[in-house]
Amino acid sequence: MNKTVLAVFIATFVGAAPSFAQKSDQQHAHNETVTSIDKSIKDKHDEHTDDGHEEHELQDGQKLDEHGGEGADEHDDHESEHAHDKGENEDKDDEEHDETASASLDSNQMALANIKVSTLSPKIVNYTLYAPGEIFSNGYSSYRVSPRVASVVTRRHVALGDRVNKGQVLVTLFSETVAQAQANYRTTYPEWERVKGLGRKTVGEQRYIDAKANFEAASAVLISYGLSDADLKTLTSQQSIALGEYSLRAEIDGAVLSDSFEQGQRIDAGEPLISLADESELWVEAHLPSNINLRLGAGSPAQIKVGDFTVDATVTQEAHTIDPITRTRTVRLLVSNPEHRLHPGQFAEVYFRFLTKMPVMAVSESALMRGPDGDWMVFVEDHPGEFLPVEVELGRALGGLREITGVEPGSRVVSEGAFFVASQIAKGGFDPHNH
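Here the residue index of a chain counts from 1 through its sequence in written order. Local features in this predicted model are restricted to residues of pLDDT 70 or higher, and side-chain atom pairs are both shown and tallied only at a pLDDT of 80 or more, whereas totals for entire chains, interfaces and linings draw on every residue. Side-chain measures were taken over the full set of non-hydrogen atoms in the model, leaving aside hydrogen atoms and water.

Asks: I tried to follow the overall build of the protein on my own but got confused; where do I start?
Replies: On a plain count of helices and strands, the protein comes out with 8 helices and 23 strands. Taking all 435 residues of the protein together, the buried fraction comes to 29%. When checking whether two residues touch, look at their non-hydrogen atoms; a contact exists if any pair is within 4.5 Å. Within the protein, counting contacts between residues at least 6 apart in sequence, those at least 24 apart form 72% of the total. Here the protein displays about 28,200 Å² of accessible surface, and carbon together with sulfur accounts for 52% of that area. The secondary structure listing takes helices from DSSP runs of H or I that are at least 4 residues long and strands from runs of E that are at least 2 residues long, numbered from the N terminus. Any residue under 20% of the maximum accessible area for its type is buried, any over 50% is exposed, and the rest in between are partly exposed; the area is computed with a 1.4 Å probe on protein chains only. Shrake-Rupley sampling with a 1.4 Å probe provides the accessible areas, and residues are treated as covered by the protein chains on show and by no other component.

In structure tokens, the structure reads:
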């Protein structure tokens, strides 16, 4: 039984085997057919696509040829004109933006920025002009003591800073030349005294004239060397000094400002020994910039400040040349110094006082700002809290003020805090997209 069933199963399987193999072959053939169809469809699609591109390119080329030449140039010109018009419009917009630029600030912002607004109106301006200065001794009343002939210092009688009176002995010197002149004087003096006593008729006209001329010449030589009349009298007295020794005396009342010499030192003729100055009146030389067009006549008032001390002064002279080193113009003033609180060599601050002849419009220097184009401008309050820039022309410098034109009288102008207002306008005009 089992064998019979096994035989039937084998026979059935063998009979079905060809059908399975055939089925596999049919499936493989089907797959190849599908693949071939897909490939054919893809090739046709690619060919169609290429043809379309060629046709499209051809059509574009034909259109380009049709619109070539003048048409293309007109198209380019149109684009160029459009760009130019656009640039002009942008420039015009920028100008309109600059002209209409303004800053709006509330009371809190103005208080924090310390912005002050004042009404501008014409007025007479009382102003001061500052100039650096230096104090000098009055050269017209000072005196320089020096030997008129080469001499040797034997004794000094005063020291630096001493106050001396006119005629007071300052220094004693010795000179061989002076000794010869003194000897000549001692010879001519008695001769002249004898002839003078006998009279012109007795001695004769010529002898009288010669004796007088010789005596006067000997006296003049000693006086030219610095000897006084008292020194000449001493030469002929019983208490005659040694020949060659002489003294120099003070010619003015004043103070010893310098005495740069030593005892025993040989001093050449004209070399300074002692400088004397009357400090009751001193000079102050102020140095003004050469580009300031200002005339300061004699008698113009000024104030001199040295440290905490302030004193009035008057202009005495104005130089008409420019210092080649400092490039400044010197103005000399005279200042009274009765208490001797000022001394030559001190630096001083000089303030000249002026009044404008006519009313002027003037603002503080802090109210002026440079505009985008480099012109000067001020900020005018159009209405409370709204500030507009207004270009102005600058005039004279009036101390801390500056004369201006271009603003109507009665305008309210920012006098302090103009920089903050300018920065607010600049921030308002900033475009992050550069439009």
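Here the narrative resumes, following the displayed structure.
Asks: Sorry if this is basic, but what is going on with the pairing of strand β19 (residues 376–383) here?
Replies: In this structure, strand β18 (residues 369–370) lies alongside β19, joined through 2 bridges in antiparallel fashion. When the sheet's bridge partners are listed, Met-369 is paired in β19 with Met-377. Once β18 ends, the chain turns through 5 residues before running back antiparallel as β19, passing Gly-374 with a positive phi of about 90°. Two elements, β19 and strand β20 (residues 386–391), share 6 bridges in a ladder whose sense is antiparallel. Bridge pairing in β20 links Met-377 to Glu-391. For two strands to pair, DSSP has to find at least two bridges joining them. Linking β19 to β20, which pair antiparallel, is a turn of 2 residues; within it Gly-385 sits at a positive phi near 85°.

Asks: Please explain the sheet that holds strand β21 (residues 393–398) as it appears in this structure.
Replies: The pairing of strands in a sheet comes from backbone hydrogen bonds and takes either a parallel or an antiparallel form. In space, the 3 strands of this open sheet follow the order β17-β22-β21, with antiparallel pairing throughout. In this open sheet, the two edge strands, each paired with only one partner strand, are β17 (362–364) and β21. Adjacent strand axes in the sheet meet at a mean angle of 35° when their direction is disregarded. In terms of strand pairing, β21 meets strand β22 (residues 401–405) through 4 bridges, oriented antiparallel. Among the inter-strand pairings, Glu-393 is bridged to a residue of β22, identified as Thr-405. Interaxial angle, 0 to 180 degrees, is taken between N-to-C directions of lines fitted to C-alpha atoms, where a helix line uses only the stretch in contact.

Asks: What am I meant to see in the pattern of salt bridges here?
Replies: If charged atoms from side chains of opposite charge come close, those side chains can pair. Any Lys or Arg side-chain nitrogen found within 4 Å of a carboxyl oxygen on Asp or Glu counts as a salt bridge. As enumerated under the stated definition, the model contains 12 salt bridges in all. Salt-bridge contacts for Glu-193 lead to Lys-196; the nearest nitrogen and oxygen are separated by 3.6 Å. Linking Glu-193 with Lys-196, this pair stays in helix α4 (residues 176–198), spanning 3 residues, or about one helical turn. You can call Lys-196 partly exposed: its relative accessible area is 41%. For Glu-205, the salt bridge goes to Arg-200, with nearest N and O atoms at 2.6 Å. Under the relative-accessibility criterion, Glu-205 is labelled partly exposed at 41%. A single network of salt bridges, built from pairs that share partners, joins Glu-191, Arg-194 and Arg-207.

Asks: Which parts of the structure should I look at to understand helix α6 (residues 205–224)?
Replies: For the α-helix, the turn length of 3.6 residues means that residues three or four positions removed from each other point alike. To estimate how far a helix should reach, multiply one less than its number of residues by 1.5 Å. A rise of 1.5 Å per residue sets the reference length of α6, with its 20 residues, at 28 Å; its end C-alpha atoms lie 29 Å apart and thus fit the reference within 8%. For α6, the full list of buried residues reads Tyr-208, Ala-211, Phe-215, Ala-218, Ser-219 and Leu-222. The buried residues of α6 occupy an angular sector of 115° when projected down its axis, which confines them to one face. Where α6 is buried, its residues touch α4, α5 (200–203) and α7 (229–235). A positive phi of about 110° marks Gly-226, the residue just after α6. Comment: arc refers to directions from the helix axis out to C-beta atoms.

Asks: What exactly am I supposed to notice about the packing of aromatic side chains here?
Replies: Between two aromatic rings, the relevant description is the distance of the centres plus the angle of the planes. Note on aromatic contacts: the rings of Phe and Tyr and the six-membered ring of Trp form a pair at centre separations within 6.5 Å, being stacked when their planes are under 30 degrees apart, edge-to-face when over 60 apart, and tilted otherwise. This structure, assessed with the given rule, holds 7 aromatic pairs. Here Tyr-140 and Trp-283 contribute two aromatic rings whose centre-to-centre distance is 4.8 Å and whose plane-to-plane angle is 90°, an arrangement assigned as edge-to-face. Here the residue Tyr-140 occupies a position in the loop between β3 (126–137) and β4 (143–145), and Trp-283 occupies one in strand β12 (residues 281–289), the gap between them amounting to 143 residues. For the ring pair Trp-192 and Tyr-208, a centre distance of 5.4 Å and an interplane angle of 65° mean the geometry is edge-to-face.

Asks: Would you mind showing me how to read α4 here?
Replies: Its 23 residues place the ends of α4 34 Å apart at the C-alpha level, agreeing with the 33 Å of an ideal helix rising 1.5 Å per residue. Residues Val-178, Ala-179, Ala-181, Gln-182, Tyr-185, Thr-188, Trp-192 and Val-195 constitute the buried set of α4. Tucked inside the fold, the buried residues of α4 contact α5, α6, α7 and β8 (245–249). Residues adjacent in sequence count toward polar contacts only when both atoms are side-chain atoms; beyond that, a polar contact is any pair of N or O atoms within 3.5 Å, and within protein one must be able to donate a hydrogen and the other to accept it. Capping the start of α4, Ser-175 holds a side-chain oxygen 3.3 Å from the backbone nitrogen of Thr-177, two or three residues further along. Positive backbone phi, at 100°, marks Gly-199, one or two positions downstream of α4.

Asks: Which parts of the structure should I look at to understand a negative patch on the surface?
Replies: A cluster of acidic side chains, namely Asp-373, Asp-375, Glu-391 and Glu-393, defines a negative patch on the protein surface. Within the element layout of this structure, Glu-393 appears in strand β21. Here Glu-393 falls in the exposed class, since its relative accessible area comes to 58%. Patch construction takes residues with relative accessible area above 30% that form no salt bridge. Like charges are linked within 9 Å, and nonpolar side chains (Val, Leu, Ile, Met, Phe, Trp, Tyr) are linked within 5 Å. Positive charge is attributed to Lys and Arg, negative charge to Asp and Glu, and no charge count is given to His or to the chain ends. For this purpose, a charge sits on NZ of Lys, CZ of Arg, CG of Asp or CD of Glu.

Asks: What exactly am I supposed to notice about the packing of α4 against α6 here?
Replies: Two quantities define a packed helix pair, namely the angle between the helix axes and the distance between the axes. α6 packs onto α4 with a crossing angle of 150° between their chain directions and a minimal axis gap of 8 Å. The two elements α4 and α6 cross, and the hand of that crossing is left-handed. Along the contact surface, α4 presents Val-178, Ala-181, Gln-182, Asn-184, Tyr-185, Thr-188, Tyr-189, Glu-191, Trp-192, Val-195 and Lys-196, while α6 presents Arg-207, Tyr-208, Ala-211, Lys-212, Asn-214, Phe-215, Ala-218, Ser-219, Val-221 and Leu-222. For the contact of α4 with α6, a count of residues per class yields 12 nonpolar, 5 polar and 4 charged. Handedness of each helix crossing follows the sense of rotation of the near helix against the far helix: counterclockwise by less than a right angle gives left-handed, clockwise gives right-handed. The nonpolar class holds Ala, Val, Leu, Ile, Met, Phe, Trp, Tyr, Cys and Pro. Asp, Glu, Lys and Arg form the charged class, and all remaining residues, Gly among them, are polar.

Asks: How should the nonpolar core be read in this particular structure?
Replies: Within soluble globular proteins, side chains that are nonpolar generally end up buried alongside one another. Residues Leu-170, Leu-273, Ile-274 and Leu-276 are the most contacted members of the largest nonpolar core, which totals 33 residues. Elements represented by at least two residues in this core include exactly β7 (169–174), α4, α6, α7, β8 and β11 (274–277). Ignoring anything within four residues of it in the chain, the contact list for Leu-170 reads Val-145, Arg-156, His-157, Val-158, Val-164, Leu-248, Arg-249, Ala-250, Ile-274 and Leu-276. Here, nonpolar core refers to any group of buried Ala, Val, Leu, Ile, Met, Phe, Trp, Tyr and Cys residues whose side-chain atoms link them within 4.5 Å. If you look at the next biggest cluster of nonpolar residues, it comprises 28 residues, including Leu-294, Leu-296, Val-331 and Leu-398.

Asks: When you look at unusual backbone geometry in this model, what are you seeing that I'm missing?
Replies: For residues besides glycine, phi is generally negative; the peptide bonds are generally trans as well. Residues other than glycine seldom take positive phi values, yet Asn-114 does so here, at roughly 55°. Within the secondary structure layout, Asn-114 lies in the loop between α3 (107–112) and β2 (116–119). With relative accessibility at 42%, the residue Asn-114 sits in the partly exposed group. Positive phi values are uncommon outside glycine, yet His-340 reaches one of about 55°. Of the residues examined, His-340 reaches a relative accessible area of 27% and is grouped as partly exposed.

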